[in-house]
Amino acid sequence: MATSGFNIGLRQAKAGFFDRPAVQGATDRATNRNLSRFGAFVRTRSRSSIRKRKAISEPGQPPSSHVGTLKKFIFFSFEPTNKSVVIGPTRTSGRGTAPEMLEHGGTSAFIAPRKRRPVTARYRPRPFMTPAFVEEQQKLPDLWRNSVRA
């Protein structure tokens, strides 16, 4: 006579499954922690790539910091509703196009303060956020390993 292995009650069967709220909470905590850490790592790497010096950096290399403003205003913020992290320089004053122009290159028109006439400046790309993001992105699997604990 064959017997089935289903001689357990409903409570015992439920106990064998994941506790969904506990697993979801553990996953959310791990997401918050890991994305915040990732944002901090990218911010630190991008800041450290910007050297303080008088010389102008070569195109394709991170920009030089003459005053320290760009380096000082790189932040990250975890967005819990979207479960994402935003990393980059904040706008300091004016239109705030300088960090974007440094990262990607391009042209920008503005009124020169001393000349009091329109001037067009051409920026060659000096990426500092993208290389930092790519380098730290390679470390994400290790960051997530064994991070969800119920």
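What's the story with the pattern of salt bridges in this structure? I'm lost.
Opposite charge on two side chains allows them to pair when their charged atoms are near. Tallied over the entire structure, the rule returns 4 salt bridges. With its nearest N and O atoms 2.7 Å apart, the salt bridge here joins Glu136 to Arg45. Of the two residues, Glu136 is situated in helix H5 (residues 129–137) and Arg45 in helix H2 (residues 20–49); the sequence distance between them amounts to 91 residues. A relative accessible area of 6% means that Glu136 is categorised as buried. Taking relative accessible area as the criterion, Arg45 reaches 30% and is therefore assigned partly exposed. Between Glu136 and Lys139 there is a salt bridge, and its shortest N-O distance comes to 3.6 Å.

Would you explain unusual backbone geometry in this entry?
Glycine aside, a negative phi is what most residues show, and trans is what most peptide bonds show. The phi angle at Lys83 is positive, at roughly 50°, despite the residue not being glycine. Along the chain, Lys83 falls in the loop between strand S3 (74–79) and strand S4 (84–89). One non-glycine residue with positive phi stands out, namely Asn146, at about 60°. Structurally, Asn146 can be placed in the segment after helix H6 (140–144).

Thresholds, definitions, all that
Residues numbered from 1 in each chain as written. Predicted model: local features only at pLDDT ≥ 70, side-chain atom pairs only at ≥ 80, totals over all residues. Heavy atoms only, no water. Salt bridge = Lys/Arg side-chain N within 4 Å of Asp/Glu carboxyl O. Helix = DSSP H or I, 4+ residues; strand = E, 2+ residues; numbered from the N terminus. Buried < 20%, exposed > 50% of the residue type's maximum accessible area, 1.4 Å probe, protein only.

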